[in-house]
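# Structural overview for review
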Amino acid sequence: MPVRKAVIPAAGLGTRFLPATKAVAKELLPIVDQPLIQYAVEELVRAGITNICIVTSSGKEGLADHFASAGKLEAALARTGKLEQLDSIRRLHEMAEIYSVRQNEPLGLGHAVWVARDHVQDEPFVVLLPDEMLDPQRNFLGEMLNVFDETATSVVAVHEVPHEEVKLYGSIATDDPSASLIAVTDVIEKPDPSVAPSDLVLSGRYVLDPEVFEILTKLEPGASQEVQLADALGVLARRRQLNAMEYVGRRWDVGTKAGYLKAVVTLGAEHPELGEDFRSFLRTFKP
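To keep things clear, this report deals only with the structure shown in the data block. (Residues numbered from 1 in each chain as written. Predicted model: local features only at pLDDT ≥ 70, side-chain atom pairs only at ≥ 80, totals over all residues. Heavy atoms only, no water.)

### Some points on the overall build of the protein
Counting its secondary structure elements, the protein contains 11 helices and 13 strands. Computed over its C-alpha atoms, the radius of gyration of the protein comes to 19 Å, within 12% of the 19 Å expected for a compact globule of 287 residues. With the C-alpha coordinates of the protein rotated into their principal frame, the extents come out at 60 × 45 × 40 Å. Here the protein holds 287 residues, and the buried ones make up 49% of them. Across the protein, every contact between residues at least 6 apart in sequence was considered, and the portion connecting residues at least 24 apart equals 76%. (Helix = DSSP H or I, 4+ residues; strand = E, 2+ residues; numbered from the N terminus. Rg over C-alpha atoms; globule rule 2.2 N^0.38 Å. Buried < 20%, exposed > 50% of the residue type's maximum accessible area, 1.4 Å probe, protein only. Contact = heavy atoms within 4.5 Å.)

Right, here's the structure in full:
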């Protein structure tokens, strides 16, 4: 069955960015001139996925609203001849079907994915974490979908990190980390570096069989007393039903202030309208 649907978990409180996120969802913070959530949706659309469910929480209704039709704004832009801006606004509600469900309690990433089970139903699906931003000039997710189509086995993206940083991620175990398609034997959430199975960690991109919902339903809370998606992936891996693809390229952890600023600077310097002026500023900038 082809993959048609995606889930974007976006129910977190965004406490790392307080006070900016007290009234504005973290996923609506802009990278130059478009919010994080839009980069996530555009990545899915590039891969051919246009049925997208955003998992939200109280106060984050604006995430779905960003992609809704805005009649008054569109009329005002048309009336004043701002046609380029009008096209960019219309594109938001034309490029994908956006749905939302609410996670009423912060019970973990695994629980956030499980909340979307009625939308996904009995179909394979993508999970994309907007905190993990991959190079928008690439279509790595599309490559993952091709592998899923060929193998009919769940596949996750991984990247290599310095050994001391493994404790921040879910780490995979494998007998052959250099393979182009890595057979995963286990997944450990936020392991101590002394017992981490590898320095290959989850990158926030997952193409999953719906079997994962059955696993999540029975899963006990793990790290931080939350239902962890990594633990469910570990179950799949021990059933020999999980592969991984290593992502090598530009990536920004925009869930941290430092990663967010690096993404802003990098993509600002590459912006088709602002890039030349911004690069000139950066060459002369002295802190």
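Structure shown, so let's carry the discussion forward.
### Quick notes on the packing of helix α10 (residues 257–269) against helix α11 (residues 275–284)
Packing of α10 against α11 brings their axes to within 7 Å, and their N-to-C directions diverge by 120°. Classed by the angle they form, the pair α10 and α11 counts as oblique. Residue-level contacts link Val264, Val265, Gly268 and Ala269 of α10 to Gly275, Phe278, Arg279 and Leu282 of α11. In terms of residue class, the contact of α10 with α11 is made up of five nonpolar, two polar and one charged. (Axes fitted to C-alpha atoms, helices over the stretch in contact; angles between N-to-C directions. Parallel < 35°, antiparallel > 145°, perpendicular 65-115°, else oblique. Nonpolar A, V, L, I, M, F, W, Y, C, P; charged D, E, K, R; others polar.)

### Description of a negative patch on the surface
A cluster of acidic residues, Asp33, Glu84, Asp87, Glu94 and Glu273, forms a negative patch on the protein surface. Among the structural elements, Glu84 can be located in helix α4 (residues 83–94). (Patch = residues over 30% accessible without salt bridge, like charges linked within 9 Å, V, L, I, M, F, W, Y side chains within 5 Å. Areas by Shrake-Rupley, 256 points an atom, 1.4 Å probe, with all protein chains shown as cover. Salt bridge = Lys/Arg side-chain N within 4 Å of Asp/Glu carboxyl O. Lys, Arg positive; Asp, Glu negative; His and termini not counted. Charge placed at Lys NZ, Arg CZ, Asp CG, Glu CD.)

### Focus on the environment of Ala68
Positionally, Ala68 belongs in the loop between α2 (62–65) and α3 (71–79). For Ala68, a relative accessible area of 37% puts it in the partly exposed group.

### Remarks on the nonpolar core
Judged by nonpolar contacts, the single largest core of 37 residues is most densely connected at Phe125, Ile172, Leu202, Tyr206 and Leu233. For this core, the element with the highest residue contribution is helix α9 (residues 229–238), accounting for seven residues. With residues up to four places along the chain from it excluded, the contact list for Leu202 reads Val156, Ala157, Val158, His159, Tyr169, Gly170, Ile172, Val187, Ala230 and Leu233. By size, the runner-up hydrophobic cluster in this structure holds 32 residues, among which are Ala25, Leu92, Ala157 and Tyr247. (Core = buried A, V, L, I, M, F, W, Y, C linked by side-chain atoms within 4.5 Å.)

### Here we look at the environment of Pro193
Residue placement: Pro193 occurs in the loop between β10 (182–189) and β11 (200–208). Among the residues examined, Pro193 registers a relative accessible area of 18% and is labelled buried. In the structure, Pro193 is positioned 11 residues away from Gly204 in sequence and 20 Å away in space, judged by C-alpha atoms. Not counting chain neighbours up to four residues away, the residues in contact with Pro193 comprise His163, Glu164 and Lys167.

### Some words on the pattern of salt bridges
All told, the structure shown has 15 salt bridges when counted by the stated rule. For Asp135, the salt bridge is made with Arg250, and the minimal N-O distance between the two is 3.2 Å. With a gap of 115 residues between them, Asp135 in the loop between β7 (132–134) and α7 (140–151) and Arg250 in the loop between β12 (242–246) and β13 (251–253) connect regions that are remote in the sequence. You can call Arg250 partly exposed: its relative accessible area is 26%. Of the charged contacts, one joins Lys218 and Glu214 as a salt bridge, the two residues approaching to 3.2 Å between their closest N and O atoms. Separated by four residues within a single helix, Lys218 and Glu214 lie in helix α8 (residues 211–218), roughly one turn from each other. Looking at Lys218, the relative accessible area reads 62%, which means it is exposed. Take Glu214: its relative accessible area is 32%, and that puts it in the partly exposed class. Residues joined by salt bridges that share partners form a network here, namely Glu211, Glu214, Lys218 and Arg239.

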